[in-house]
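Structural description and commentary
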Amino acid sequence: MSDAPVLEVNGLTKHFPVRKGVILAKVVGHVRAVDDVSFELRRGETLALVGESGCGKSTTGRLVLGLMPATGGSVRFKGEEMAGRSKQELRRLRRHMQIIFQDPYASLNPRMTVGEILAEPMEVHGIGTPQERQARVGELLGVVGLLPEHARRYPHQFSGGQRQRIGIARALAVNPDMIVCDEPVSALDVSIQAQVVNLLHDLQRRFGLSYLFIAHDLAVVKHIADRVAVMYLGKLVEIADKRTLYARPKHPYTQALLSAIPTPDPAVKRERIILQGDVPSPLNPPAGCRFNTRCQYATDRCRSEEPKLRDAGEGQRVACHHFETVPAQGAIQGVGAMGGKFNERLAAFEAAKARRAGG
Ligand code: SF4
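Figured I'd write up the structure that's included with this text. This structure is a prediction, so every number in the text was calculated from the model and none was measured.

Right, let's talk about the site of the ligand for a bit. If you check the shell around the ligand, you find 13 residues, and the closest are C289, C295, C302, C320 and H321. When the residues that make up the shell around the ligand are grouped by side-chain class, the tally is 9 nonpolar, 4 polar and no charged.

Take a look at the structure:
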């Protein structure tokens, strides 16, 4: 893996206007789907973007690919800014950035044979002669573990796992540098999920691909990601390399997500953190920290001041005012006991900070 970023995202924002009135002319608010999100994806790396449904991770994936215009911020692909490009220029850049969708059946045209589906991206980008494209289709089918004769069949003649392999082959057809994998295994049986994840891993090593891997299942992410970015209500709340994040999650939301992963060893007991209440509406997110309505450590500061991503060491960045004093996940024993202990830790931390500031 090289350190050079293939993708640099800075302050990416997407607000969808909410319209009312007979002709929907009046804008009455905005759904803040993605708000000031920044990260980078290195060459040959898998960065997982995780969070609950509706947190903005899929919208982020689509913004990165230029499939919808951003409200603000910057996306640089291989050093080139995506915003403000003509359709033609976007198409040129998009050749190198592809997407694999969650539902392979819905994303494959049922009236086209698999051969036509795989040849289409090459035609769109003017790659090769018809004979060369045909040869490439056979090659692609082999790369994803299908047979050359499958080119003559239609999508409905395949299983879910095979259809996802076709989706992967289609993404590979134009030799991309980066693939946005949007929940690529969520619709598959657990036994098939592992096969598709292993295939993605093999292809990454073989072709030096970078993956932006969008998922809600942290157990799947653990197998494929190099780094993990956690989103909550349109905001990035924590980003770290996989080992650090799974061993020492610092944001209370990340801790809650990780506590919900079942442990394979029944002897290992993990305290499940049950989040109270529902995810607030992105139309009217809470002031201050967006997680404050569900966070057991929330203070008055959390309700008024929005936390920025701060360095927590070893490449880990956390958007929480109090991550230094939030107990480590492993130390958590019970919700009732936690609040009191946290307040003691917070008071001691703030006092030490004040002493340091006072000289
Ligand atoms: Fe909880 Fe406050 Fe941290 Fe937000 S900033 S996660 S409310 S402790």
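Attention shifts here to the sheet that holds strand β1 (residues 5-20). Ordered by their spatial adjacency, 4 strands build an open sheet running β2-β1-β4-β5, and the pairing between neighbours is antiparallel. Bordering the open sheet on either side are β2 (26-42) and β5 (80-81), each of which pairs with just one other strand. Each of β1, β2 and β4 (72-77) touches helix α1 (residues 57-64); the most contacted strand, β1, lies at about 115° to it.

For the rest of this paragraph, the subject is α1. Within α1, 6 of the 8 residues are buried, which leaves it mostly tucked inside the rest of the structure. Listed as buried for α1 are K57, T59, T60, G61, L63 and V64. A positive backbone phi angle near 75° is found at G66, which sits one or two residues after α1.

Let us look at the nonpolar core. Membership of the largest hydrophobic core comes to 64 residues, with the highest contact counts inside it found for I168, L172, V221 and V228. Looking at which domains feed residues into this core, each of domain 1 (105-175) and domain 2 (235-358) gives three or more.

What follows concerns unusual backbone geometry. Positive phi, normally seen in glycine, also occurs at D36, with a value near 55°. A positive phi is found at E314, a non-glycine position, where the angle reads about 55°. Under the relative-accessibility criterion, E314 is labelled exposed at 61%.

Looking at where V221 falls in the secondary structure, it is placed in helix α8 (residues 218-224). For the pair formed by V221 and R153, sequence separation is 68 residues and the distance between their alpha carbons is 32 Å. With near-sequence residues (within four places) excluded, V221 lies in contact with A48, V50, F213, A215, V228, K242 and Y246.

Along the chain, A119 falls in helix α4 (residues 114-124). Through-space distance from the C-alpha of A119 to that of V174 is 9.4 Å; in sequence the pair is 55 residues apart.

Okay, the sheet that holds strand β9 (residues 227-232) next. The pairing of strands in a sheet happens through backbone hydrogen bonds and is either parallel or antiparallel. In space, the 8 strands of this open sheet follow the order β6-β7-β8-β3-β9-β10-β12-β11, with mixed pairing throughout. The open sheet is flanked by β6 (97-100) and β11 (310-311), the only strands paired with a single partner. Across 5 bridges, the pairing between strand β3 (residues 46-50) and strand β8 (residues 210-215) is parallel. Looking at the pairing, A48 lines up with F213 of β8. Contacts from helix α7 (residues 190-207) reach β3, β6 and β8, with the element oriented near 160° to β8. Its contacts with the sheet put helix α10 (residues 252-259) on β9 and β10 (235-241), and the angle it makes with β9 is roughly 105°.

Where helix α6 (residues 160-172) contacts α7, the axes come no closer than 10 Å and their chain directions differ by 20°. Taken together, the axis directions place α6 and α7 in an arrangement best described as roughly parallel. As for the relative orientation of α6 and α7, their crossing is right-handed in sense. Residues G161, Q164, R165, I168 and L172 of α6 touch α7, and the partners they reach there are I192, Q195, V196, L199, L200, L203 and F207. A breakdown of the residues in the contact of α6 with α7 according to their chemical character gives 8 nonpolar, 3 polar and 1 charged.

Each aromatic ring pair is characterised by the separation of its centres together with the angle its planes make. Using the criterion set out here, one finds 3 aromatic pairs in the structure. An aromatic cluster of at least three residues, connected via ring pairs, comprises Y232, Y253 and F291.

Considering the arrangement of structural elements, one finds H251 in the loop between α9 (242-247) and α10. Only 3.1 Å separates the side chain of H251 from the backbone oxygen of A319, close enough to count as a polar contact. Those residues in contact with H251, other than ones at most four positions away along the chain, are V237, E238, F291, V318, A319 and C320.

Thresholds applied
Residues numbered from 1 in each chain as written. Predicted model: local features only at pLDDT ≥ 70, side-chain atom pairs only at ≥ 80, totals over all residues. Heavy atoms only, no water. Near = heavy atom within 4 Å. Nonpolar A, V, L, I, M, F, W, Y, C, P; charged D, E, K, R; others polar. Pairing = 2+ DSSP bridges. Helix = DSSP H or I, 4+ residues; strand = E, 2+ residues; numbered from the N terminus. Contact = heavy atoms within 4.5 Å. Axes fitted to C-alpha atoms, helices over the stretch in contact; angles between N-to-C directions. Buried < 20%, exposed > 50% of the residue type's maximum accessible area, 1.4 Å probe, protein only. Core = buried A, V, L, I, M, F, W, Y, C linked by side-chain atoms within 4.5 Å. Domains from an automatic or database assignment. Parallel < 35°, antiparallel > 145°, perpendicular 65-115°, else oblique. Left-handed = near helix turned anticlockwise from the far one by under 90°. Phe/Tyr/Trp six-rings, centres within 6.5 Å; stacked < 30°, edge-to-face > 60°. Polar contact = N/O pair within 3.5 Å; in protein donor to acceptor, adjacent residues only side chain to side chain.

Geometry only, nothing functional implied.
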